[in-house]
Each structure stands twice: as C-alpha cells, then as structure tokens.
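Structural characterization, general
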Amino acid sequence: MVNKKEGNQFLPTVAIPPGETIKENMKYLGMNQKELAMRLEITPKHLSNIVNGHDPITYDTALKLETV
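Because the structure is predicted, anything quoted here is derived from the model rather than measured.

Right, let's talk about the pattern of salt bridges for a bit. According to the stated counting rule, one finds three salt bridges in the structure shown. Here Arg-39 makes a salt bridge to Glu-35, at a shortest N to O gap of 2.9 Å. Placement of both Arg-39 and Glu-35 in helix α2 (residues 33-40) is noted, with a separation of four residues, approximately one turn of the helix. For the salt bridge of Lys-64 with Asp-60, the shortest nitrogen-to-oxygen distance reads 3.5 Å. On the criterion of helical spacing, the pair formed by Lys-64 and Asp-60 is a turn pair, its members being four residues apart in helix α4 (residues 59-67). Of the residues examined, Asp-60 reaches a relative accessible area of 44% and is grouped as partly exposed.

Structure below.
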C-alpha cells in the first residue's frame, strides 16, 4: 500500500493466517474445534476449513467469533 502523499510503502514483516489466531484462541480458552463449531452454530467441517485456510471468514462468522 503506497501512501501517495509521502511515497512510503507499507511492507509487513509477518503475515499470520486467521486460522492460526483461531487455533491460539481455542487453546487459550481450552476449547476444541467441535465445541467452538457448536458455539458458532456452524459445522465442525466448515470450521476446520476456515482454520486450515480453505474457506474464508464471512462477515457473519466474524461477528460470531467476536461473540464467542
């Protein structure tokens, strides 16, 4: 992303997939995928696909993750 005014470029040094963050939070909360899927009201397979980067996190799922 280029800042047109100053000509600076934003170059992140690390990119962490959302699935990794979800895994870390599940571990911190002592929760497994089956329990999190139940709380999110999605199937365990769909959660697995999100965690493994095969499915995107939709707006609806993001709101549910925030609540859980």
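Following the structure, the description resumes.
Turning to α2, its buried residues number three or more, namely Leu-36, Ala-37 and Leu-40. Viewed end-on, α2 has its buried residues packed into an arc of 100°, placing them on one side of the element. Exposed side of α2, more than 90 degrees from the buried face: Lys-34 and Met-38 are the residues found there. Here the buried face of α2 lies against α1 (18-29), α3 (44-51) and α4. Sitting at the amino-terminal end of α2 is Asn-32, which places a side-chain oxygen 3.2 Å from the backbone nitrogen of Lys-34. Positive phi shows up at Glu-41, right after α2, with a value of about 60°.

How each quantity is defined
- Residues numbered from 1 in each chain as written.
- Predicted model: local features only at pLDDT ≥ 70, side-chain atom pairs only at ≥ 80, totals over all residues.
- Heavy atoms only, no water.
- Salt bridge = Lys/Arg side-chain N within 4 Å of Asp/Glu carboxyl O.
- Helix = DSSP H or I, 4+ residues; strand = E, 2+ residues; numbered from the N terminus.
- Buried < 20%, exposed > 50% of the residue type's maximum accessible area, 1.4 Å probe, protein only.
- Arc of directions from axis to C-beta.
- Contact = heavy atoms within 4.5 Å.
- Polar contact = N/O pair within 3.5 Å; in protein donor to acceptor, adjacent residues only side chain to side chain.

Interpretation note: all reported values are geometric properties and have no functional meaning in isolation.
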